[in-house]
Amino acid sequence: MSGTALTSTTRRTLLRLLWALLAANAVALAGCLAVFLGVQRTTEAAYDRSVPAILAVYDTQVALREAHGAAVASFAAGTRLLAGPGEDYQNQIARAGQHLAEVAEDNAAGDEGSRDIQVVEASLVTYTGLIERAHAHFAQPGGGALGAAALRDASGLLEEILVRLDGLVGKQDAALDRQVDGAWTGRATILLWLLPVLVLGALLVAAQLFLRRRFRRALNAPLLLATLAVLALGGTTATSLHSTGQLGDARAATDRAADARGLQLAALADRNATQLAGLLTTACTPTPCADTIEQLLAQRDGDRGPAEAADQVGAAGRTAWRHGQDATGLAARAANSRGGEVVLPAAALLAAALVVVGFLPRLEEYRYRQR
């Protein structure tokens, strides 16, 4: 007989099981880590960019409506002789610029969104120029008609800016929709990590049964601990499902904020139209601007009184703010990894080490045996 000992069938089976477990562990780690990091990148993008950009666009629109109303009220009240169209107008225009800068920083709509922002920025320069021109005319004796004309031009340009901002928010919404329903956040991705984890768990159970049957031992403690590590691997990855659910909730909260902002903007638009119609009535005397005034009043959504409009603006603004806070909070929780990017490799490495520890004594028993 040869001096080289014949390799034991049991030893070969043990080696096959060991390598199968290590390979399955590597595949499970790859799948879990890929899904976890994919979901993490998606939720972080929504929290850092999409959700703030959407809310900032609405804040820009509200600030512009408020600024225009402040300018019209200032001219109508006769405070036009002060420097500029009023402090409220200046503050709201500054707020609009700040919010628009936030949109540019957080823009999730790519080049198309950047182009829209550039157009809005250029249009705002023209708009503020028209307001300043209106102020210059109103400040001159007999300049009411020219001031009203410049103010009417500014109103028309403001509507164009707001329409452009509607398109911009639509693009930010589309970006958020792609994140909510993307490749990593879809339900089908569960197969990418769950199947390898189940296969790994099944192999660990098979290894336990084989060792119990072959070596007459009730339990292999290292393999049991490895099974617990695999459960941690799968459980940590399963938190991604919760994150995608929170991201969907954040999307719904932005929709609710958008509805409230829509009511607020509509009430502001009605208030501004009423104020501008009153200003034109005075400024166009003795030649009335009947057609223009009728057109302005016809654009209103209802016939709100000043008090009712103010109440609706305030209530809708508070509701929008609350839903915006909800959206931000939900997106923040969705983007919180809770250290999963560290737990996953640690659990997989621990499982691999425990598998090796569990098999080594049995392999040593058969190193020189002959079967």
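That block above? That's the structure.
Description of the structure in this document.

Cut-offs and rules
- Residues numbered from 1 in each chain as written.
- Predicted model: local features only at pLDDT ≥ 70, side-chain atom pairs only at ≥ 80, totals over all residues.
- Heavy atoms only, no water.
- Helix = DSSP H or I, 4+ residues; strand = E, 2+ residues; numbered from the N terminus.
- Expected span 1.5 Å × (residues − 1).
- Bend = angle between axes of the 7 residues up to and from the residue.
- Axes fitted to C-alpha atoms, helices over the stretch in contact; angles between N-to-C directions.
- Parallel < 35°, antiparallel > 145°, perpendicular 65-115°, else oblique.
- Left-handed = near helix turned anticlockwise from the far one by under 90°.
- Nonpolar A, V, L, I, M, F, W, Y, C, P; charged D, E, K, R; others polar.
- Core = buried A, V, L, I, M, F, W, Y, C linked by side-chain atoms within 4.5 Å.
- Buried < 20%, exposed > 50% of the residue type's maximum accessible area, 1.4 Å probe, protein only.
- Contact = heavy atoms within 4.5 Å.
- Salt bridge = Lys/Arg side-chain N within 4 Å of Asp/Glu carboxyl O.

### Observations regarding helix H9 (residues 340-365)
Then step 1. With 26 residues, H9 extends 38 Å between its outermost C-alpha atoms, agreeing within 8% with the 38 Å of an ideal straight helix rising 1.5 Å per residue.
Then step 2. Most pronounced at Phe359, the bend in H9 amounts to some 30 degrees, and the proline Pro361 follows within four residues.

### Regarding helix H5 (residues 190-215)
Then step 1. Relative to the 38 Å expected for 26 residues at 1.5 Å per residue, H5 spans 37 Å between its end C-alpha atoms, a close match to the ideal helical length.
Then step 2. Looking one or two residues beyond H5, the residue adopting positive phi is Arg216, at roughly 60 degrees.

### Section: the packing of helix H1 (residues 9-77) against helix H2 (residues 87-106)
Then step 1. Here H1 crosses H2 at 160 degrees, and the two axes come no closer than 8 Å. With respect to each other, H1 and H2 are oriented roughly antiparallel. The element H1 and its partner H2 pack so that their crossing is left-handed.
Then step 2. Split into classes, the residues belonging to the contact of H1 with H2 amount to 14 nonpolar, 4 polar and 9 charged.

### What about the nonpolar core?
Then step 1. Counting 50 residues, the largest nonpolar core has Leu64, Tyr89, Tyr127, Ile131, Leu151, Ile161 and Leu165 as the members making the most contacts within it.
Then step 2. If you list the elements that add at least two residues to this core, you get H1, H2, helix H3 (110-138), helix H4 (144-180), helix H6 (221-283) and helix H8 (306-335).
Then step 3. Aside from chain neighbours lying at most four places away, what touches Tyr127 is His68, Tyr89, Ile93, Ala154, Leu157, Leu158 and Ile161.
Then step 4. In this structure, Leu21, Val35, Leu223 and Ala229 belong to the second largest nonpolar core, which totals 31 residues.

### Some details on the pattern of salt bridges
Then step 1. Considering all chains together, one arrives at 9 salt bridges under this definition.
Then step 2. A salt bridge links Glu159 to Arg65; the nearest nitrogen and oxygen atoms lie 2.7 Å apart. In this pair, Glu159 sits in helix H4 while Arg65 sits in helix H1, placing the two residues 94 residues apart along the sequence.
Then step 3. Residue class for Glu159 comes out partly exposed when judged on its relative accessible area of 35%.
Then step 4. Between Glu112 and Lys171 there is a salt bridge; the shortest N-O distance is 4.0 Å.

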